[in-house]
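Now for the letters of each chain:
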Amino acid sequence: FDDAVGPDGPVEGATIWDAIPGATETVFYDEYHRALETQEPVSFDSYYEPLDTWFDARVFPSDEGLSVYLRDVTERRKLEQRQEESLRAVQRLYAVSSDDERTFEAKINEILTIGCEYLDVPNGFLTRIDDGSQHVEASHATHPLLQPGETCPLDEAYCKRTLEHEQLLTVVNASDQGWSDDPAYETFGLETYIGGRVEVDGERFGTLCFADTTARGGPFTATQ
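Quantities reported herein were computed from a predicted structural model and do not represent experimental measurements.

J.: Would you mind going over the overall build of the chain with me for this structure?
T.: In terms of regular secondary structure, the chain is built from six helices and eleven strands. Taken over 224 residues, the chain has a buried fraction of 38%. Put simply, 40% of the contacts in the chain that link residues at least 6 apart link residues at least 24 apart. Surface exposure of the chain reaches about 13,500 Å², of which carbon and sulfur atoms provide 48%.

Rendered as structure tokens:
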């Protein structure tokens, strides 16, 4: 280990399995012993739960023991996981949209469910904008004001700003992003929000949105 320090202090001169808690019940233990027994280098990726970290390990045996090189690849593995989740979500959305046996209402409800699961938010809703009002047409939501049939003036809805954007409108911490005095924030109290315009036959219909009353830990990315 680069700094010869374990969770409880210096480990130089100590037996690695005594110095690092829980190490004997891991892939690291098995692979290190395999390298010793075969006297051949091994390489692998594995998750080490006590540190909540993924490591890329390179192990080289010698007459004196093992030389072990560990590289933290947690961010890479998280990105790969998000990419896999994105692919699965897209596949599910395609399957729903191309299912001729489902009604339009059933497709919308399933799309909202998938979106909420993927974005990890409790509220997904489709709105219709008409005569200066927002109408919730369908939703998969826990928020009482985002249930099907709920209506509010457009000036009190997050959708007002959504309609002004060519791209998606994303908010990850509304109270820190200038929404505190907005009527929409006062009405709904949404801290996290992502929404886009919906058009039907080239005409504005409304918006498709996902939201949470809790602020998001970081910005939305290309994979989420």
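J.: What is the right way to look at the nonpolar core in this model?
T.: Side chains of nonpolar character tend, in soluble globular proteins, to be buried together. Formed by 21 residues in total, the largest nonpolar core has its most connected members in Phe125, Tyr158, Cys159, Trp179, Phe188, Leu190 and Tyr193. Sorting the residues of this core by element identifies strand S6 (123-130), strand S9 (169-171), helix H6 (183-188) and strand S11 (203-212) as the ones contributing at least two each. Broken down by element, the residue count for this core peaks at three residues, all from H6. Residues Leu112, Tyr118, Ala138 and Ile194 belong to the second largest nonpolar core, which totals 15 residues.

J.: Hey, could you run me through the sheet that holds S6 in this one?
T.: Paired through backbone hydrogen bonds, the strands of a sheet run either parallel or antiparallel to each other. With respect to topology, six strands assemble into an open sheet ordered S8-S7-S6-S11-S10-S9, the strand pairing being antiparallel. At either end of the open sheet lies a strand with only one pairing partner, and these are strand S8 (151-153) and S9. Within the sheet, the average angular offset between the axes of one strand and its neighbour, ignoring direction, is 25°. When S9 meets strand S10 (residues 192-200), the two strands line up antiparallel, connected through three bridges.

J.: What am I meant to see in the confidence of the model for the chain here?
T.: Detailed reading of the predicted model is not advised wherever pLDDT is low. Residue-level pLDDT values for the chain average 84, and 87% of them are 70 or greater. For the chain, strand S1 (residues 5-6) is the element with the lowest average pLDDT, namely 45, and S8 is the one with the highest, namely 96.

J.: Explain the side chain of Gln134 to me, please; I cannot follow it from the model alone.
T.: Here Gln134 lies in strand S7 (residues 133-140). For Gln134, a relative accessible area of 3% corresponds to the buried category. Excluding its chain neighbours within four sequence positions, the residues that come into contact with Gln134 are Thr127, Arg128, Ile129, Glu150, Thr151, Cys152, Pro153, Leu154, Ala157, Cys159 and Phe188.

J.: So what exactly am I meant to see when it comes to the pairing of S10 here?
T.: When a strand is regular, its side chains alternate between the sheet's two faces. The sheet contact formed by S10 and S11 spans nine bridges and is antiparallel. Bridge assignment links Glu199 to a residue of S11, and that residue is Arg204. Linking S10 back to S11 in an antiparallel pair, the connection comprises two residues, with Asp201 at a positive phi of about 55°.

J.: Would you mind showing me how to read the packing of aromatic side chains here?
T.: For any pair of aromatic rings, the description rests on two quantities: the centre-to-centre distance and the angle between the ring planes. Scanning all chains against the criterion turns up ten aromatic pairs. Between Phe60 and Tyr69 the ring centres are 5.9 Å apart and the planes differ by 70°, which places this aromatic pair in the edge-to-face class. On the basis of relative accessibility, which here comes to 37%, the residue Phe60 falls in the partly exposed class. If you follow Arg77 out to its NZ or CZ, it ends over the ring of Trp54, 3.7 Å from the centre. Above the face of the Trp179 ring, Arg161 is positioned so that its terminal group lies 3.8 Å from the ring centre.

J.: Explanation requested: the sheet that holds strand S5 (residues 65-72) in the structure shown.
T.: The three strands lie next to each other as S3-S4-S5, forming an open sheet whose pairing is antiparallel. Both outer strands of the open sheet, strand S3 (42-48) and S5, are each paired with one neighbouring strand and no more. Direction aside, neighbouring strands of the sheet carry axes that sit 30° apart on average. Where S3 lies against strand S4 (residues 53-62), seven bridges are found, and the strand directions are antiparallel. Across the sheet, Tyr47 pairs through a bridge with Trp54, a residue of S4. Along the sheet, helix H2 (residues 27-38) makes contact with S3, S4 and S5, crossing S3 at roughly 165°.

Each value, and the rule that gives it
Residues numbered from 1 in each chain as written. Predicted model: local features only at pLDDT ≥ 70, side-chain atom pairs only at ≥ 80, totals over all residues. Heavy atoms only, no water. Helix = DSSP H or I, 4+ residues; strand = E, 2+ residues; numbered from the N terminus. Buried < 20%, exposed > 50% of the residue type's maximum accessible area, 1.4 Å probe, protein only. Contact = heavy atoms within 4.5 Å. Areas by Shrake-Rupley, 256 points an atom, 1.4 Å probe, with all protein chains shown as cover. Core = buried A, V, L, I, M, F, W, Y, C linked by side-chain atoms within 4.5 Å. Pairing = 2+ DSSP bridges. Axes fitted to C-alpha atoms, helices over the stretch in contact; angles between N-to-C directions. pLDDT = per-residue confidence, 0-100. Phe/Tyr/Trp six-rings, centres within 6.5 Å; stacked < 30°, edge-to-face > 60°. Lys NZ or Arg CZ within 6 Å of the ring centre and 35° of its normal.

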